[in-house]
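# Examining the three-dimensional arrangement
One letter stands for each residue in the lines below.
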Amino acid sequence: MKFYSTKNRSNLVSLREAVLKGMPEDNGLFMPRSVPELPGGFFDNISSMGFQEISLQIADAFFGEDMPAADLEQIVTEAVNFDAPLVQVHDNIYSLELYHGPTLAFKDFGARFMARMTAHFVKNSARELNILVATSGDTGSAVASGFYDVPGINVIILYPSGKISEIQEKQIATLDKNITALEIDGVFDDCQKLVKQAFLDTELCSQIELSSANSINVARLIPQSFYYFYACAQLQADSQADMVISVPSGNFGNLTAGLIARRMGLPVEQYIASTNINDVVPEYLGSGLFNPRPSKQTISNAMDVGNPSNFDRILDLYDSDYDKILQDVSGSAYTDDQTRQMISRLEEETGYILDPHGAVGYMGLRHYLTELRDTANGIFIETAHPAKFIDVVGPLVKNAPQIPERLGRFLDREKRSVKLKNDYEEFKSFLLDEKK
Ligand SMILES: *Cc1c(COP(=O)(O)O)cnc(C)c1O
């Protein structure tokens, strides 16, 4: 499969280049040249296939011609090593729980897959690859966990000292082996600036191999389509009614992957783009006008995005045809008050505990089904474990969710970060000393 830039479709690159570069030089986004066809009979057999088996078939359709089958199988088996159960919440409403991975959020899928695919493409290089990531919290933990112990790759994570939660810091800064955490005396923007400056430093780049792990990498995007197929498989075992899927969204990578799955034949009648008050996409779906603006802070903070980076991919997939997009996607936006009320109310009615992001997805779904389509099967995506947001969720529910053991054990570990001043020369010497 070749990949083009959304800014220039005739500029094609190989999978290897798309994965290692992350982003085209023209600042567009990589897209697969075509949406591949699945083998005949795929959907007839889907309800008898397991998650890894489904994932491997999708991965093979995209990447099969670019790597040996055994390598791809290993990548999928190692990346997709936890379940994504479809849980009935009430009536015809189901939660697709994507939080059973190591950092309890759906970003684990993309991060684990990208890490292993990157390792595959640098396997025979003489020098190790150094991945620089600036984080304000969650991205760093998914990337650290995803790349942990992956051969040939060092990960250097910069985070603002004292500005991230204890559990986030423990997930980033207690790992050994190939993960290094740099605690920067500054704010998130300072961390990001240091990383950007390093990429622009030609002298540094001639001495060590640098790369980023940004969320728009195709090796993060494509694996996010696997679980849409798996949701369909689990639902079909239960019912043949039409499927409507609500995706709580920020940068819209998750929804884009769902739209790609639909293009591959997944029978989804409608997607719902559900957001918090950062509602540029629901607004676009209502008016046809895309008006990016600075983000506002909410309790579903992983969706606080004012200029969603994957929006151009959605436009590209639909040839910028607003009416065609509307046929497949509707939008809904919700305030923090509505989100809090919904978390309390659903627990009261059913015992099911939503996290703030999933609650936004649930509201978008419920609204759509009530207004338009009460006979369809509705799925909303639960993107994070409610215990990750215990400060918000705890006071709203009777039975507070427990932090699962696999996350809780990080709290007992010792922090081993390296403290650095907010100073580029100091950062650069660190990289040159440590990472040759
Ligand atoms: C990143 C994230 C989202 C938003 O996903 P996008 O692909 O950026 O739209 C939603 N929920 C949680 C918990 C996340 O971490």
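These notes cover the structure that comes with them. Numbering of residues starts from 1 in each chain and follows the order in which that chain's sequence is written. Confidence filtering applies because this is a predicted model: local features only for residues at pLDDT of at least 70, side-chain atom pairs given and counted only at 80 or more, and all residues used for totals across whole chains, interfaces and linings. Hydrogens and water molecules were not included; the side-chain quantities draw on all heavy atoms of the structure.

### Considerations on the overall build of the chain
Where helices and strands are cited, they refer to DSSP runs of H or I of at least four residues and of E of at least two residues respectively, numbered from the N terminus. The secondary structure content of the chain amounts to 20 helices and 14 strands. Atoms considered for the radius of gyration are the C-alpha atoms alone. The globule rule reads 2.2 Å times the number of residues to the power 0.38. For 436 residues, the compact-globule formula gives about 22 Å, and the C-alpha radius of gyration of the chain, at 21 Å, lands near that figure. Taken over the C-alpha atoms alone, the chain extends approximately 60 × 50 × 40 Å along its principal axes. Under the scheme applied here, a residue whose accessible area is under 20% of the maximum for its type counts as buried, over 50% as exposed, and between as partly exposed, the area being computed with a 1.4 Å probe on protein chains only. Relative to its 436 residues, the chain shows a buried fraction of 57%. The long-range share in the chain, meaning contacts at least 24 apart out of those at least 6 apart in sequence, stands at 75%. Under the convention used here, Asp and Glu are negative, Lys and Arg are positive, and both His and the chain ends fall outside the count. Taken as the charge location is NZ of Lys, CZ of Arg, CG of Asp or CD of Glu. Side chains of the chain carry 39 positive and 59 negative charges; the gap between the two charge centres is 4 Å. Whether two residues are in contact is decided by their heavy atoms: any pair within 4.5 Å suffices.

### Some remarks on the packing of aromatic side chains
Think of a pair of aromatic rings as described by two things: how far the centres are apart, and how the planes are tilted against each other in angle. Centres within 6.5 Å are what make two rings of Phe, Tyr or Trp a pair, Trp counting through its six-membered ring; a difference in plane orientation under 30 degrees is then read as stacked, over 60 as edge-to-face, and the rest as tilted. This model, assessed by the stated rule, comprises 19 aromatic pairs. Geometrically, the ring pair formed by Tyr424 and Phe427 is edge-to-face, given 6.3 Å between the ring centres and 70° between the ring planes. You can see Tyr424 and its partner Phe427 sitting in helix 20 (residues 424-434), 3 residues apart, about one turn around the helix. Each member of the pair, Tyr424 as well as Phe427, is classed as buried. Note on geometry: a ring has a charge over it if NZ (lysine) or CZ (arginine) is within 6 Å of the ring centre and within 35 degrees of the ring normal. Above the face of the Tyr318 ring, Arg263 is positioned so that its terminal group lies 5.1 Å from the ring centre. Over the ring of Phe410 we find Arg413, and its NZ or CZ is 4.5 Å from the ring centre.

### Observations concerning the site of the ligand
Around the ligand, a shell composed of 14 residues is seen, among which Lys107, Gly250, Asn251, Phe252 and Thr383 lie nearest. We define a polar contact as two N or O atoms separated by no more than 3.5 Å, with the added condition that, inside protein, one atom must be a possible hydrogen donor and the other a possible acceptor, whereas residues neighbouring each other in sequence contribute only through side-chain atom pairs. Here Lys107 contributes a side-chain N or O atom positioned 2.5 Å from an oxygen atom of the ligand. Between Gly253 and the ligand, the recorded distance is 3.1 Å, taken from a backbone N or O atom to an oxygen atom. Surface burial for the ligand is 95%, taken as the share of its 380 Å² of free accessible area covered by protein chains. Only Asp, Glu, Lys and Arg are considered charged, only Ala, Val, Leu, Ile, Met, Phe, Trp, Tyr, Cys and Pro nonpolar, and every remaining residue, Gly among them, polar. Of the residues belonging to the shell around the ligand, the class tally is 6 nonpolar, 7 polar and 1 charged. Each residue is tested against the molecule or strand, and it is near if at least one of its non-hydrogen atoms lies within 4 Å. Only the protein chains shown count as cover for residues, with accessible areas throughout obtained via the Shrake-Rupley method and a probe of 1.4 Å.

### Some details on the environment of Ile390
Inspection of the secondary structure puts Ile390 in helix 18 (residues 390-393). Note on Ile390: relative accessible area 30%, which makes it partly exposed. Separated by 11 residues in the primary sequence, Ile390 and Pro401 have C-alpha atoms spaced 7.3 Å apart. Apart from residues lying up to four places away in sequence, Ile390 is in contact with Pro395, Ala400 and Pro401.

### Overview of the pairing of strand 11 (residues 268-275)
Taken across its 8 residues, strand 11 has 7 buried, putting it largely inside the fold. The pairing of strand 10 (residues 243-248) with strand 11 spans 6 bridges and is classified as parallel. Across the sheet, residue Val247 finds its bridge partner in strand 11, namely Ala273. When the strands point away from the viewer and the connection leading from the first strand across the helix to the second strand turns clockwise, the crossover is called right-handed. Once you follow strand 10 into helix 12 (residues 253-263) and on to strand 11, the crossover reads as right-handed. In this scheme, strands are said to pair when DSSP sees at least two bridges between them. Sheet analysis places strand 11 next to strand 12 (residues 329-333), joined by 5 bridges and oriented parallel. Residue pairing for strand 12: Ile272 is matched across the bridge by Ser330.

### Examining the environment of Lys196
In this fold, Lys196 is placed in helix 8 (residues 188-200). The class for Lys196 is exposed, based on a relative accessible area of 54%. Spatially, the C-alpha atoms of Lys196 and Ala61 are 35 Å apart, while their sequence positions differ by 135 residues.

### What to know about the environment of Ser95
Inspection of the secondary structure puts Ser95 in strand 5 (residues 93-97). Classification of Ser95 by relative accessible area gives buried; the value is 0%. Residues Ser95 and Thr383 lie 288 residues apart in sequence; the distance between their C-alpha atoms is 9.8 Å. Sequence-distant contacts of Ser95, defined by excluding residues within four places in its chain, comprise Pro85, Leu86, Val87, Val89, Tyr352, Phe380 and Glu382.

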